[in-house]
Amino acid sequence: MKTLDPMDRKILIALQRNADIALEDLGAMVGLSRNAVWRRVKALEAAGVIRSRVALLDPDRLGLGLTVFMMIRTDRHAPDWLARFAEATRDMPEILGAYRMSGDLDYLIRARVADVKAYDALYQRLVARVELADVSASFVMEEMKETTELPL
């Protein structure tokens, strides 16, 4: 892991808020020249600290107003089952995150869909691809905080 100095942290905080910021503006914000900022950003990218720069889209304006968390339990834990499950979750664009969990829950999936009907279609496609012992879902009623910013 790369050790971050205070200047790297300032740069990363600014980029998390606006990855499209001009190098001149970023340099002025953190107190470095354009070239010095460019070198640091390139070094952070080379070290894998910055994985990519993306556009954050408004899901409501795109007709994807429902966030659903799928809680999954399985009685299968063989490597081939896990590979099929991982492939299925990667292949479904509605699935934004899939996590293997500790405790009573085996897997947690976070997905974005248009509505409950679209969730049911996602559920049907998932269970057609992998055997699951139990799937329950919770629908987000209110989004109080949603961020991509990591605490630095």
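Thresholds applied
- Residues numbered from 1 in each chain as written.
- Predicted model: local features only at pLDDT ≥ 70, side-chain atom pairs only at ≥ 80, totals over all residues.
- Heavy atoms only, no water.
- UniProt positions renumbered as here; feature names shortened; annotations may be inferred.
- Helix = DSSP H or I, 4+ residues; strand = E, 2+ residues; numbered from the N terminus.
- Salt bridge = Lys/Arg side-chain N within 4 Å of Asp/Glu carboxyl O.
- Buried < 20%, exposed > 50% of the residue type's maximum accessible area, 1.4 Å probe, protein only.
- Pairing = 2+ DSSP bridges.
- Axes fitted to C-alpha atoms, helices over the stretch in contact; angles between N-to-C directions.
- Contact = heavy atoms within 4.5 Å.

An unreviewed UniProt entry annotates the protein as ArsR family transcriptional regulator originating from Allgaiera indica.

Participant: Tell me about the UniProt feature "domain: HTH asnC-type" (unreviewed entry) in the protein, and name the residues and values.
Facilitator: In this structure's numbering, the residues bearing the UniProt feature "domain: HTH asnC-type" (unreviewed entry) are residues 4-65. Secondary structure over residues 4-65 splits into 53% helix and 0% strand, and the C-alpha atoms at its two ends are 37 Å apart.

Participant: Summarise the pattern of salt bridges; cite the residues concerned and give the values.
Facilitator: Here the structure, examined in full by the defined rule, presents 16 salt bridges. Arg34 is the salt-bridge partner of Glu24, the closest N and O atoms lying 2.7 Å from each other. In this pair, Glu24 sits in helix α2 (residues 23-30) while Arg34 sits in helix α3 (residues 34-46), placing the two residues 10 residues apart along the sequence. Under the relative-accessibility criterion, Glu24 is labelled partly exposed at 45%. A salt bridge links Arg61 to Asp58, with the nearest nitrogen and oxygen atoms 3.6 Å apart. For Asp58, a relative accessible area of 36% translates into the label partly exposed. Shared partners join several salt bridges into a network, and the residues in it are Asp75, Arg76, Asp80, Arg84 and Glu131.

Participant: Could you give an account of the sheet that holds strand β1 (residues 66-73), with specific residues and numbers?
Facilitator: The pairing of strands in a sheet happens through backbone hydrogen bonds and is either parallel or antiparallel. Reading across the sheet, the four strands line up as β2-β3-β1-β4 and stay open at both edges, with antiparallel pairing between neighbours. For this open sheet the edge positions go to β2 (95-100) and β4 (134-139), each flanked by a neighbour on one side alone. For this sheet the average axis-to-axis angle between neighbouring strands, irrespective of direction, equals 20°. In the sheet, β1 pairs with β4 via six bridges, with the strands oriented antiparallel. Among the inter-strand pairings, Val68 is bridged to a residue of β4, identified as Phe139. Contacts between helix α4 (residues 79-91) and the sheet are confined to β1, β2 and β3 (107-113), with β3 contributing the most and set at about 20° to the helix. Together, β1, β2, β3 and β4 form the strand contacts of helix α5 (residues 116-129), whose direction differs from that of β1 by roughly 30°.

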